[in-house]
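Below are the chains, spelled out letter by letter.
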Amino acid sequence: MDYEIIDKPPVDEFAVRPNLDNYVAQRAAFNYPDVIKELDGLPGGGLNIAYEAIDRHLVHGRADKLCWIWEGKDGRVENYTYADASRMSNQFANVLVKLGVAKGDRVFCFMDRVPELYAAVFGTLKAGCVTGPLFSAFGPDAAGDRMADAGARVLVTTPDQRAKLTAMRPNLPALQHVIMVEHGKEPALEAGELSWNALIKDASEVFEIVRTEPEDPAVMHYTSGTTGKSKGAVHVHQAVLGHYATGKYVLDFHEDDIYWCTADPGWVTGTSYGMFAPHTNGMTSVIYEGGFSANKWYETIQKYKVTVWYTAPTAIRLLMKAGDEVPRKYDLSTLRYIMSVGEPLNPEAVVWSNRVLGLPFHDNWWQTETGSIMIANYPWMPIRPGSMGRPMLGIEPGIIDDDGNLKPPGEEGDLAVRPGWPSMFRTYWHNDDMYQSKFRNGWYITGDRGRMDADGYFWFVGRADDVINTAGHLVGPFEVESAMLEHPAVAEAGVIGKPDPVAMEIVKAFVTLKDGYEPSDKLRGELMQFARKKLGPGVAPREIDFLMVLPKTRSGKIMRRLLKARELGLPEGDTSTLEE
Ligand code: AMP
C-alpha cells in the first residue's frame, strides 16, 4: 500500500525555524572538518568529547543551565546543571588517575541509567580512557565476552549485578578495579570492591583533561555480526563533530529545548544521542531510569515539557497498541519534533503518530559503526512514510552492486556509505581483518540492503546477513548458538530472527539433542532459562524448537536461511550446497 506524503509548511511558518532550512544549499556548502569551528577544542590543544559536551559550556555561560533532569525508577527526581556534570565527571577522572589507570585503558560501565553512569562516561573520557557502557540486562556471558575482548581494566557497576560479575570474573584477568555504585546509598561492599562514594568523596572537583587527539579512541560499543562473537566498534574523539552536527541539523536542537532520548547508553543511540549530541549542543536532557510503560512515557513528556523526543519503533508500536485514548489523557503540546531509529519504522506508525500525537515520527538511519546519523527525515522535509529519508549533510550513501558500482534509482542493492566522515568507526577492537572486510571499491558496506528512489529518498529492504534485529537491538545468531551449546542436552543449535508484530523480530532457536535426551516442554523451559541466565532476556531465544537434524552445507555450516524459510513457509531457494 502506498501512503500519502506528509507535507510540511514552508520553513518561514515553523514556530521554531529548523536549523536545516535550505537543504540543497547547506548540503553544497557543508564540509565536515569545518564543524570544528563551532566547537572549542581542548584549551592548549587536542580534542576531547567530554570537553565539548560538558566543560566548554561553563565558558559559554551555561554553567547553571540544566544538563540532566533525572527521574529514578522509584520516582525520585534530581536536577544537575552543567556545572554539576563538570564537577562530577572531574571527580571520576581524578579517581581513575589515582587508581593508576592510564590513557587508552578501557573503563566499562554495567549499570542502569543512574546519574553516576553519566558522570563515569564523561569522567572516563576526560581521563583519556576509552569508555565501554554495557546494557545492564545483559547476562554474564554477553557482558563477560565483551569485557574480556576489550581487556577492561575498570568496571563501574551496581550490587544487583554482583552474581553476574562473580560468574564472569574468571574470564577477566585484565580487570583490576570494580567500583560499586548504589545511587543515593552506600552499598555494602564485598571483598575486592571499591565504593564509588568513598572514592568520589576524596577526589578533587578540579581536573585538567588529559590531552587527547582527534584520532585517539574514545568509545567502544559491541555489535553483533553473523559469525563469531560480537565485535567492538572503536570510535575516536573526532566523532564529536558528527554528534554535534547531527544534533544541530537532524535533531534540530535549539537552546530552549527539553530533549528526551529513550535509548540506554548500553547501545550506541544512548551515548551518541543520549549524551554526546545533546550536550555538545548544550541541551537539557531528560533521563528516565525506568523501562517502558505507555502511561509513564506520556507522563514524562508532560511532566518535563519535552520538546524533542527520540525513540524507537518497538516502543512506538507498543504505544500504538496501548491505544489512542492514553495520550489524550496527557498534555503533550510541548512536543514539536519526534524521531525514531534502530529498526524499520512501519509507515502505519508515522501515520498513526501524525493523527494521534499531531506530529509524524521522523525516521532516521545509522548504526553502531557509523557513530552518528547518516540518513534522516528532517523537520522541513515532506515525509514519505516508510522511507528512512535523505542523506545527512556531508554524508554520501549509495546503493551498490557486488562490484561496488552504484545501482540506478529504484533498484535494490547493498546500502553503502563513502568513508571519511568523522564519527566512522576506526576498527573493530583486535579484529582489523573484519574491519577491512567491510569495504568494497571505496565504499563502507553497512550490511543492510536498500534502495533509493528517483528523488533521493532511501528505503530499507532488509539485512544482507543473518543478524537479528529484535526490539531495535542487533543479536548475532552465533552468540546465541554458542550459549545454547553449553547446555549438556544440546548437540547443535541454529538461531534465526522470526518476524514479530511488535519487536520486529524475536530470537528463535532450533536445537538437536544429544543421545539420551528427549524433547519435552520441560526441557524447552529449562533451555530458555539457561539461555536467559547466560545472555540476558534481550538476547536469549523467545522460542525454541527441537529438530532431529539441522540443515547444513556440505562443509558443515548450519543453513540459517533454510531454517528461516521453513519456519515462515517460504521458498527454500538455492539448496545446492545442502548436505544430503
Ligand atoms: P545498531 O548497530 O545496533 O545500532 O543497529 C544498526 C542496524 O539497525 C542497521 O544496520 C539496520 O539494520 C537497523 N536500523 C537502524 N535504523 C534503522 C532504520 N531507520 N530503518 C531500518 N533499519 C534500521
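The model shown is predicted, which means the values in this text are computed figures rather than measured ones.

## What to know about the nonpolar core
For soluble globular proteins, nonpolar side chains are generally found buried alongside one another. One finds Phe92 and Met392 to be the most contacted residues of the largest nonpolar core, which totals 96 residues. In this structure, Phe92 is in contact with Val107, Ala119, Ala120, Gly123, Thr124, Val156, Ile179, Trp196 and Ile200, ignoring residues within four places of it in sequence. Core analysis: the next-biggest nonpolar cluster, separate from the first, contains 44 residues, Leu172, Val178, Met484 and Val490 among them.

## Quick notes on the state of the cysteines
Within the structure shown, the criterion is met by zero disulfides. Looking at the unpaired Cys129, the closest cysteine sulfur is the one in Cys109, lying at 11 Å. Among the cysteines around Cys261, which has no disulfide bond, Cys67 carries the closest sulfur, lying 14 Å off. Relative accessible area serves as the criterion here: at 9%, Cys261 is assigned to the buried category.

## Focus on the pairing of strand 8 (residues 217-223)
Along strand 8, six of the seven residues are buried, which leaves the element largely enclosed by surrounding structure. Relative to strand 9 (residues 231-236), strand 8 runs antiparallel, the two sharing six bridges. Bridge assignment links His221 to a residue of strand 9, and that residue is Ala233.

## Details of empty space enclosed by the protein
Evaluated as defined, the whole model comprises two cavities of 30 Å³ or more. In this structure, the largest cavity occupies an estimated 50 Å³ of space. Taken together, Val219, His221, His235, Ala239, His243, Val268, Thr271, Ser272, Phe276 and Gly371 form the lining of the largest cavity. Where the lining of the largest cavity is concerned, the elements lending two or more residues are strand 8 and helix 9 (268-280). The element best represented in the lining of the largest cavity is helix 9, accounting for four residues. Residue composition of the lining of the largest cavity, by class: four nonpolar, six polar and no charged. Volume-wise, the second largest cavity comes out at about 40 Å³. Around the second largest cavity, the lining residues are Pro133, Leu134, Phe135, Phe138, Arg146, His221, Tyr222, Gly266 and Trp267.

## Topic: the site of the ligand
In the vicinity of the ligand there are 17 residues, among which Asp363, Asn364, Gln367, Thr368 and Asp448 approach most closely. At 2.7 Å, a backbone N or O of Asn364 approaches a nitrogen atom of the ligand. In the complex, the protein chains occlude 95% of the 500 Å² of accessible area that the ligand would expose alone. The dominant element in the shell around the ligand, judged by the number of residues it contributes, is strand 14 (residues 361-365), at three residues.

## What about the sheet that holds strand 26 (residues 504-513)?
Across the sheet, three strands lie side by side as 25-26-27; this open sheet has mixed pairing. Only two strands of the sheet have a single partner each, and these edge strands are strand 25 (490-500) and strand 27 (543-546). Between one strand axis and the next, the sheet turns by 25 degrees as a mean value, whatever way the strands run. In this structure, strand 25 lies alongside strand 26, joined through ten bridges in antiparallel fashion.

## Observations regarding the pattern of salt bridges
One pass over the full model with this rule turns up 52 salt bridges. In this structure, the salt-bridge partner of Glu52 is Arg56, at a minimum N-O distance of 3.6 Å. Highlighted residues: Glu52 and Arg56, both in helix 2 (residues 49-59), separated by four residues, approximately one helical turn. With a closest N to O distance of 2.6 Å, Lys73 and Asp112 form a salt bridge. Of this pair, Lys73 sits in the loop between strand 1 (66-71) and strand 2 (77-81) while Asp112 sits in the loop between strand 3 (106-110) and helix 4 (115-126); the two residues are 39 residues apart in sequence, bridging distant segments of the chain. Using a relative accessible area of 53% as the deciding quantity, one classes Lys73 as exposed.

## Quick notes on helix 5 (residues 140-150)
Burial analysis of helix 5 places eight of its eleven residues in the buried class, which makes it a mostly covered element. Buried within helix 5 we find Pro140, Asp141, Ala142, Ala143, Gly144, Arg146, Met147 and Ala150. Positive backbone phi, approximately 60 degrees, marks Gly151, located one or two places after helix 5.

## As for the domain arrangement of the protein
Once the domains are mapped, the protein shows domain 1 (11-73 + 82-449) and domain 2 (468-568). In this assembly, 22 residues from domain 1 lie in contact with 22 residues from domain 2. Note on domain 1 versus domain 2: buried area summed over both sides is about 1800 Å², and carbon and sulfur give 57% of it. Counting the contacts that link domain 1 with domain 2 gives two salt bridges. The partner of Arg146 in a salt bridge is Glu479, and the shortest N-O contact between them spans 2.8 Å. Linking domain 1 to domain 2 there are eleven residue pairs in polar contact (both at pLDDT 80 or more). Contributing elements (two or more residues each) for the side of domain 1 that touches domain 2: helix 5 and helix 11 (313-322).

## Looking at the packing of aromatic side chains
Scanning the entire structure with this criterion turns up 26 aromatic pairs. When the ring of Phe30 is compared with that of Tyr249, the centres are 6.1 Å apart and the planes differ by 90 degrees; the resulting orientation is edge-to-face. Placement of Phe30 in the loop between helix 1 (23-29) and helix 2 and of Tyr249 in helix 8 (residues 240-249) is noted, with a sequence separation of 219 residues between them. Classification of Phe30 by relative accessible area gives buried; the value is 15%. Its relative accessible area of 11% is what places Tyr249 among the buried residues. Pairing Phe122 with Phe276 gives two aromatic rings, centres 5.9 Å apart and planes at 80 degrees, and the pair type is edge-to-face. Of this pair, Phe122 sits in helix 4 while Phe276 sits in helix 9, placing them 154 residues apart in sequence. Taken as a pair, Phe122 and Phe276 share a single burial class, namely buried. Seen from the ring of Phe138, Arg146 lies directly overhead, with NZ or CZ sitting 4.4 Å from the centre.

## So, the packing of helix 5 against helix 16 (residues 521-535)
Look at helix 5 against helix 16: their axes get within 4 Å of each other, and the N-to-C directions meet at 35 degrees. For the pair helix 5 and helix 16, contact is made by Pro140, Asp141 and Ala142 and by Lys533, Lys534 and Leu535, respectively.

Conventions and cut-offs
- Per chain, residues are indexed from 1 in the order of the written sequence.
- pLDDT decides what is reported in this predicted model: residues at 70 or higher carry local features, side-chain atom pairs at 80 or more are listed and counted, and totals for whole chains, interfaces and linings draw on all residues regardless.
- To get the side-chain values, take all heavy atoms of the structure and skip hydrogens and water.
- For this analysis, a nonpolar core means a set of buried residues of the types Ala, Val, Leu, Ile, Met, Phe, Trp, Tyr and Cys, connected via side-chain atoms within 4.5 Å.
- Exposure is judged per residue with a 1.4 Å probe applied to protein chains only, and the accessible area is read against the type maximum: over 50% gives exposed, under 20% gives buried, and values in between give partly exposed.
- For this analysis, residues touch if any pair of their heavy atoms sits within 4.5 Å.
- The term disulfide is used for any two cysteine sulfur atoms that are within 2.5 Å.
- Runs of E in the DSSP output that reach at least two residues are strands. Runs of H or I that reach at least four are helices, and both are numbered from the N terminus.
- Strands pair, by our definition, only if DSSP identifies at least two bridges between them.
- Lining residues are defined by having an atom within 4 Å of a point belonging to a cavity or pocket. Those points lie on a 1 Å grid over the protein atoms alone, cavities being sets where a 1.4 Å probe fits but cannot get out and pockets being open sets with protein on both sides within 12 Å along at least five of seven lines.
- Grid points are joined across faces, edges and corners, and a volume is the space filled by probe spheres set on the points.
- Just so you know the grouping, Ala, Val, Leu, Ile, Met, Phe, Trp, Tyr, Cys and Pro go in nonpolar, Asp, Glu, Lys and Arg go in charged, and all remaining residues, Gly too, go in polar.
- Residues are counted as near a molecule or strand when any one of their heavy atoms sits within 4 Å of it.
- As used in this structure description, the phrase polar contact means that two N or O atoms lie within 3.5 Å; if the pair is within protein, one of them must be able to donate a hydrogen and the other to accept it, and residues adjacent in sequence are counted only when both atoms belong to side chains.
- Method for areas: the Shrake-Rupley scheme with a 1.4 Å probe, in which residue coverage is limited to the protein chains shown.
- Lines fitted to the C-alpha atoms define the axes, with helices restricted to the stretch that makes contact. Angles between their N-to-C directions range from 0 to 180 degrees.
- Each reported salt bridge corresponds to a side-chain nitrogen of Lys or Arg within 4 Å of a carboxyl oxygen of Asp or Glu.
- Boundary definitions for the domains trace back to an automatic or database domain assignment.
- A simple way to read buried area is as the amount of 1.4 Å-probe accessible surface that goes missing from two parts once joined, with both sides added.
- Between 30 and 60 degrees the pair is tilted, below 30 it is stacked and above 60 it is edge-to-face, where a pair is any two Phe, Tyr or Trp rings, Trp via its six-membered ring, whose centres lie within 6.5 Å.
- When the NZ atom of lysine or the CZ atom of arginine is within 6 Å of a ring's centre and also within 35 degrees of its normal, the charge is said to sit over that ring.

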